[in-house]
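Structural characterization, general
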Amino acid sequence: MNPQRRALLLSLALLPLAASTPSYAGLLDGGDPKRVEAVPFDFDAAINNPGSIAGDYFGTHTTQSLAGLKKVIIPSFQVRFCLRDDVARTSTFSTASFSSWSSKSAGVTVDLPEEVRQQLTDELYERVVQRLAALGVEVVPIPRDLDLPELQAGIKAMPPSGHIEDLTNAAQRTSKKEKQDADSWLYPWAIHYPSQVTAVAYSGISEAMPPFMSWLREAEMPQMPISTMKIGKAMGTGILTLGFEVRLEKMAFERGSFLGKGATINAEPVLRTRLLGAKLVPDDGGYKPVAVGMGGGRLFPGMNYNGFGIQPIATIMGSPKHGDFPWIEMNGSYGPVVGSGEDGRWLLKPEPEALAKDFRQITDAQLSLIFHLIEAAKK
């Protein structure tokens, strides 16, 4: 038999056997994964015409006008930085006679010093105060020595700014795609509060999430803790609470092709921010015995206070244009993700000044949308 013909027949005979074995070589070689890019976002529209896109990212609900709002306290202002991310997937290719599978997992560790995270948080808070002042709203400091049981209990229960807590991705505000790709149920988040404020922990079993979830996730809910409303009443002010999440990288899983390279994962410095939730109670607002409005897929039916709320999704009757829980993203200029990923890890160590510049640009866009909605609620 012709040697070339024999080699061809032999290779065809061995093909099912080769296809039925784990494709480890494809995992290590990785192929040529597509570059991970930020989802396009119209920064010009966000700054100059926020009303044209605000409704594409946020749902709102109003139970009482903010027209008379002049003073607020800010007992809860969270900025959460994700310190580790990962992806793990298995690709399977099957026919009637053979099958192939290819698994891959990798992750990114973010090396961002606590003092840098705190500085970003403090600076963001100052811009919020400035935007409130532009709307004629004064931020009133909360005295730490105020003789009010709810305040003292909240101060005592509050962990220090910058503490790291594992938060689950299992429940109400993680998209199906994110949960599908994730390699863990819990990820470490550094949770910061502005050094300029008296941070108050939400308290009370009836105000908290179920026991298997962190009480810190209450910042995401449309509910306002009754204990917090009592502090506002005692001080004769309205209440504003805000929460943001920050990721400094983005990962992508690429399935690969049958008979080709195996599954691959890539990671890039992509700055991603999103609003957890904003709640505004006017000074004449208060508790609502029946919560209405913004369900948002959470365990509660909606707002339990008179005032105004913003959530990072469409209202319960809507359909989010950019998917559930959309991030606002931009390609980061603060340094590369270092490593090959072949050992399962990458490292991202952002350059602080470049990060601060990117962070200001992306959060200014967020604030422009948020305060456009607040201004409309004040009219």
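The shown structure was predicted, so the numbers you read here are calculated from the model rather than taken from an experiment. Residue numbers here run from 1 along each chain, matching the order of that chain's written sequence. Under the rules for a predicted model, residues below a pLDDT of 70 receive no local features and side-chain atom pairs below 80 are neither given nor counted, while totals for whole chains, interfaces and linings still include all residues. Processing note: side-chain calculations cover all non-hydrogen atoms of the structure and skip hydrogens and water entirely.

Secondary structure assignment for the protein chain yields nine helices and 17 strands. Relative accessibility decides the category of a residue: with a 1.4 Å probe and only protein chains considered, values under 20% of the type maximum give buried, values over 50% give exposed, and everything between is partly exposed. Within the protein chain, the proportion of its 379 residues that are buried is 53%. Within the protein chain, contacts between residues at least 6 apart in sequence are counted, and of these 80% link residues at least 24 apart. The protein chains shown are the only cover counted for residues, whose accessible areas, like all others here, come from Shrake-Rupley with a 1.4 Å probe. Of the roughly 17,300 Å² of accessible surface on the protein chain, a fraction of 56% belongs to carbon and sulfur atoms. Labels follow the DSSP assignment, with helices taken as runs of H or I lasting at least four residues and strands as runs of E lasting at least two, numbered in each case from the N terminus. Every residue pair with non-hydrogen atoms within 4.5 Å of one another is taken to be in contact.

The next point concerns the confidence of the model for the protein chain. Across the protein chain, the average pLDDT comes to 81, with 72% of residues at or above 70. By definition, pLDDT measures how confident the predictor is in each residue, and it falls between 0 and 100. Per-residue pLDDT stays below 50 along residues 204-208; that stretch engages in eight contacts with residues further than four places along the chain or on separate chains.

Time to look at the packing of helix 5 (residues 114-134) against helix 9 (residues 352-378). Relative orientation of the contacting elements helix 5 and helix 9 amounts to 30°, with a least axis distance of 11 Å. The two elements helix 5 and helix 9 meet at a crossing, and its hand is right-handed. For the pair helix 5 and helix 9, the contacting residues are Val116, Leu120, Glu123, Leu124, Arg127, Val128, Arg131 and Leu132 in the first and Pro352, Leu355, Ala356, Phe359, Arg360, Thr363, Asp364, Leu367, Ser368 and Phe371 in the second. When grouped by side-chain class, the residues that make up the contact of helix 5 with helix 9 number 11 nonpolar, two polar and five charged. Between the N-to-C directions of two axes lies an angle of 0 to 180 degrees, each axis being a line fitted to C-alpha atoms and, for a helix, fitted only over the stretch in contact. Here is the rule for handedness: rotate from the far helix to the near one, and if that takes an anticlockwise turn smaller than a right angle the crossing is left-handed, while a clockwise turn gives right-handed. Gly falls in the polar group here, along with every residue not listed as nonpolar (Ala, Val, Leu, Ile, Met, Phe, Trp, Tyr, Cys, Pro) or charged (Asp, Glu, Lys, Arg).

Before going further, it helps to examine the nonpolar core. Nonpolar side chains in soluble globular proteins generally cluster together in the buried interior. Of all hydrophobic cores here, the largest spans 65 residues; its most connected members are Phe41, Phe77, Leu132, Leu248, Leu271, Ile310 and Leu369. A per-element tally of this core places helix 9 first, with 12 residues. Discounting chain neighbours no more than four positions away, the residues touching Phe77 are Thr121, Leu124, Tyr125, Val128, His192, Tyr193, Pro194, Leu242 and Phe244. Definition used in this section: a nonpolar core is a set of buried Ala, Val, Leu, Ile, Met, Phe, Trp, Tyr and Cys residues joined via side-chain atoms within 4.5 Å. One finds Ile73, Ile231, Val281 and Met294 within the second-largest nonpolar core, a separate group that totals 15 residues.

Strand residues, when the strand is regular, have side chains that alternate between the two faces of the sheet. For strand 7 (residues 186-192), the tally of buried residues reaches six of seven residues, placing the bulk of the element in the interior. By this definition, two strands are paired if DSSP reports at least two bridges between them. Pairing of strand 2 (residues 71-82) with strand 7 involves four bridges; the strand directions are antiparallel. Across the sheet, Cys82 pairs through a bridge with Trp189, a residue of strand 7. Bridge count for strand 6 (residues 163-168) against strand 7 is six bridges, and the pairing is antiparallel. Paired with Leu167 across the two strands is Tyr187, which belongs to strand 7.

Attention now moves to the environment of Ala219. Within the secondary structure, Ala219 sits in the loop between strand 7 and helix 8 (226-235). Considering only alpha carbons, one finds Ala219 and Gln78, 141 residues apart in sequence, at a separation of 7.7 Å.

Three or more residues of helix 6 (residues 149-157) are buried, namely Glu150, Leu151, Gly154 and Ile155. Within helix 6, the buried residues cover an arc of 130° as seen down the axis, which keeps them to one side. For helix 6, the exposed residues set more than 90 degrees away from the buried face come down to Pro149 and Lys156. On its buried face, helix 6 sits against helix 8. Directions pointing from the helix axis toward each C-beta atom define the arc.

Take a side-chain nitrogen of Lys or Arg and a carboxyl oxygen of Asp or Glu: if they are within 4 Å of each other, that pair is a salt bridge. In total, this model carries 12 salt bridges according to the counting rule given. Lys230 is paired through a salt bridge with Glu150; the nearest N and O atoms lie 3.7 Å apart. Taken together, the positions of Lys230 in helix 8 and Glu150 in helix 6 put the pair 80 residues apart, joining distant regions of the chain. The partner of Glu245 in a salt bridge is Arg274, and the shortest N-O contact between them spans 3.1 Å. Taken together, the residues span a long stretch of sequence, with Glu245 in strand 8 (residues 238-247) and Arg274 in strand 11 (residues 270-281) at a distance of 29 residues. The burial state of Glu245 is the same as that of Arg274; both residues are buried. One connected set of salt bridges, linked through shared partners, spans Glu123, Arg127, Arg360 and Asp364.

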